[in-house]
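Per-entry structural report
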Amino acid sequence: MSTELPYKKLKNPCTPNYKHLKDYILGPTPGWCFYKHAVLQEPEDGYEQPPMMTLHFLSRPEPWGHSLIASDYFCQAHEFVLELLAVNGIMCNRVLRLAANIMFPTATGKPASPHIDHEVMKHNNLIVYLNDSSGDTVIDGHPFSPKEDEAIIFPGLKHYVVPPSTNDYRVVLVATYQ
């Protein structure tokens, strides 16, 4: 019986570029967008569509057939993603989406709806946890309990987030890539 996890924890060297990008994201940054529902599809029983905020660096490719640069900080965020993947020996041909997300506690505490980031294209996911918070990320049924500055990758599998506890919030940098 295989106990192989669907995700891989990466080594984050916390370079000066990363620290500067993290300070920017966690600081009084303009440009955050509020979304009433973190996931667009109807939630399955036991799940919900919690609100979240997103700071876009590179938009999703689905609406236009290609990604669009959405921030003056795109180059710094893109460079960090490429650095992190390279340090871990991971090949990246193209970044599809790049953003920071903030998830807040919810009244119900139900997890967000399971989803696949890009239903129509093969991709990999990268999540970098920018602060300590409660609530797991669950990938293909396997929970990951993150700590600040940890990073994971996984193929484009169904995943979801358990919202943080009361008086807590989670900030992540997310990227999808090929």
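Bear in mind that the values here come from a model prediction, so they are computed numbers and not experimental data.

The next point concerns the sheet that holds strand E6 (residues 137-139). Taken in spatial order, the three strands make up an open sheet running E7-E6-E9, and their pairing is antiparallel. A single partner strand is all that each edge strand has here, and the edge strands are strand E7 (142-144) and strand E9 (159-161). The average undirected angle you get between the axes of adjacent strands in this sheet is 20°. Summarising the sheet, E6 and E7 pair through three bridges and their orientation is antiparallel. Bridging from a neighbouring strand, Ile-139 pairs with His-142 of E7.

The next point concerns the pairing of strand E3 (residues 52-58). In terms of burial, E3 is a largely internal element, five of the seven residues being buried. By the bridge criterion, three bridges tie strand E2 (residues 33-35) to E3 in an arrangement that is antiparallel. When the bridges of E3 are listed, Cys-33 appears paired with Thr-54. Of the strand pairs in this sheet, E3 and strand E4 (residues 95-103) are connected by six bridges, and their pairing is antiparallel. Residue pairing for E4: Leu-58 is matched across the bridge by Leu-98.

Counting residues in hydrophobic clusters, the biggest one holds 30 residues, and the most contacted among them are Ile-25, Phe-57, Leu-98, Leu-126, Val-128 and Leu-173. At the level of elements, helix H1 (16-26), E3, helix H2 (74-87), E4, strand E5 (124-129), strand E8 (151-155) and strand E10 (170-177) are the ones that each hand at least two residues to this core. With six residues, H2 is the single largest residue contributor to this core. In this structure, Tyr-7, Ala-99, Tyr-129 and Ile-139 belong to the second largest nonpolar core, which totals ten residues.

Conventions we followed
- Residues numbered from 1 in each chain as written.
- Predicted model: local features only at pLDDT ≥ 70, side-chain atom pairs only at ≥ 80, totals over all residues.
- Heavy atoms only, no water.
- Pairing = 2+ DSSP bridges.
- Helix = DSSP H or I, 4+ residues; strand = E, 2+ residues; numbered from the N terminus.
- Axes fitted to C-alpha atoms, helices over the stretch in contact; angles between N-to-C directions.
- Buried < 20%, exposed > 50% of the residue type's maximum accessible area, 1.4 Å probe, protein only.
- Core = buried A, V, L, I, M, F, W, Y, C linked by side-chain atoms within 4.5 Å.

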